[in-house]
Amino acid sequence: MTNQESEHRRIVVETPTARREEVHSEAVRYPERTGVSGAALAAIVVGVVALAAIIILFVINQQQDSVNNNMTAQQPPQTIVQQPAQQPPVIVQQPAPATQPAPVIINGQPAPVSGGSTTTGPDDSSIQAAIDKKFSDDPKLSSLGVTTTVVGGKVTLTGSVQSNADKSLAEKAVRNVKGVKSVDNQISVSG
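Quick summary incoming for the structure in this document.

## Let's talk about the overall build of the protein
(1) Moving on: A tally of regular secondary structure across the protein gives four helices and seven strands.
(2) Moving on: Starting at the N terminus and ending at the C terminus, the protein contains elements arranged as β-β-α-α-α-β-β-β-α-β-β.
(3) Moving on: Summarising the internal contacts of the protein: among those between residues at least 6 apart in sequence, 56% fall at separations of at least 24.

## Observations concerning the pairing of strand E4 (residues 154-158)
(1) Moving on: Here strand E3 (residues 147-151) runs beside E4; their pairing, made up of five bridges, is antiparallel. Within E4, the residue paired with valine 151 across the bridge is lysine 154.
(2) Moving on: Two strands pair when backbone bridges link them, and E4 and strand E6 (residues 182-185) are joined in this way by four bridges, in the parallel orientation. Each residue of the ladder has a partner; that of valine 155, found in E6, is valine 183.

## What about the environment of leucine 157?
(1) Moving on: Assignment of secondary structure puts leucine 157 in strand E4.
(2) Moving on: Considering only alpha carbons, one finds leucine 157 and glutamate 171, 14 residues apart in sequence, at a separation of 7.7 Å.
(3) Moving on: Discounting residues that sit within four places of it in the chain, leucine 157 has contacts with Val146, Thr147, Thr148, Ala170, Glu171, Val174, Val183, Asp184, Asn185, Gln186 and Ile187.

## Points about the nonpolar core
(1) Moving on: The biggest cluster of nonpolar side chains holds 17 residues, and the ones touching the most others in it are Ile131, Phe135, Val146, Val155, Leu157, Val174 and Val180.
(2) Moving on: Where this core is concerned, the elements lending two or more residues are helix H2 (124-137), E4 and helix H4 (164-175).
(3) Moving on: Once residues within four sequence positions are removed from consideration, isoleucine 131 is found in contact with Thr148, Val150, Val155, Val174, Val177 and Val180.

## Observations regarding H2
(1) Moving on: Compared with the 20 Å implied by 1.5 Å per residue over 14 residues, the 20 Å span of H2 between its first and last C-alpha is a close match.
(2) Moving on: Buried within H2 we find Asp124, Ile127, Gln128, Ile131 and Phe135. Taken around the axis of H2, the buried residues stretch over an arc of 100°, which confines them to a single face. The outward face of H2, more than 90 degrees from its buried face, is lined by the exposed residues Ser136 and Asp137.

Rules of the game
- Residues numbered from 1 in each chain as written.
- Predicted model: local features only at pLDDT ≥ 70, side-chain atom pairs only at ≥ 80, totals over all residues.
- Heavy atoms only, no water.
- Helix = DSSP H or I, 4+ residues; strand = E, 2+ residues; numbered from the N terminus.
- Contact = heavy atoms within 4.5 Å.
- Pairing = 2+ DSSP bridges.
- Core = buried A, V, L, I, M, F, W, Y, C linked by side-chain atoms within 4.5 Å.
- Buried < 20%, exposed > 50% of the residue type's maximum accessible area, 1.4 Å probe, protein only.
- Expected span 1.5 Å × (residues − 1).
- Arc of directions from axis to C-beta.

It is worth stressing that arrangement in space is one thing and function is another; only the former is reported here.
As structure tokens, then:
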């Protein structure tokens, strides 16, 4: 259905010889404005396309899940064992404090038989005692902070001193003790 309106106009036409009036009638038709606008139509089209894309993606995802489930069912179960990394142990050596007395290590020596003694020299404990006395009596040696250990007549020197002269002094002092068979000088020089 369309709306129709008519429009009437009067026009006066003047010519050099006459003057006359003319009436013009015009019918104007306006289409009826019912139905869906262009913007609404575009929104509907975009919505339908988006809905179709979501449905397609959902179907593809369902198919991929079923393929993955089939692949998992066909594979035998796998066991993964992860071993911890092997690292070397950290060894920290510290010199013994100067105020602590030197350790005394005594090997299991058989007790002398009461009928007589056949020992050929002093035992480790008496050697250790003699070294400790020598170090404590001499202020220079006692200030060095050297540790001595006696095992089977063999003396091991450990610690840290300021000079090679101090290292040699400690070794010479131990070598002069009765019963010392050998000296293992492991003293480090830090100065």
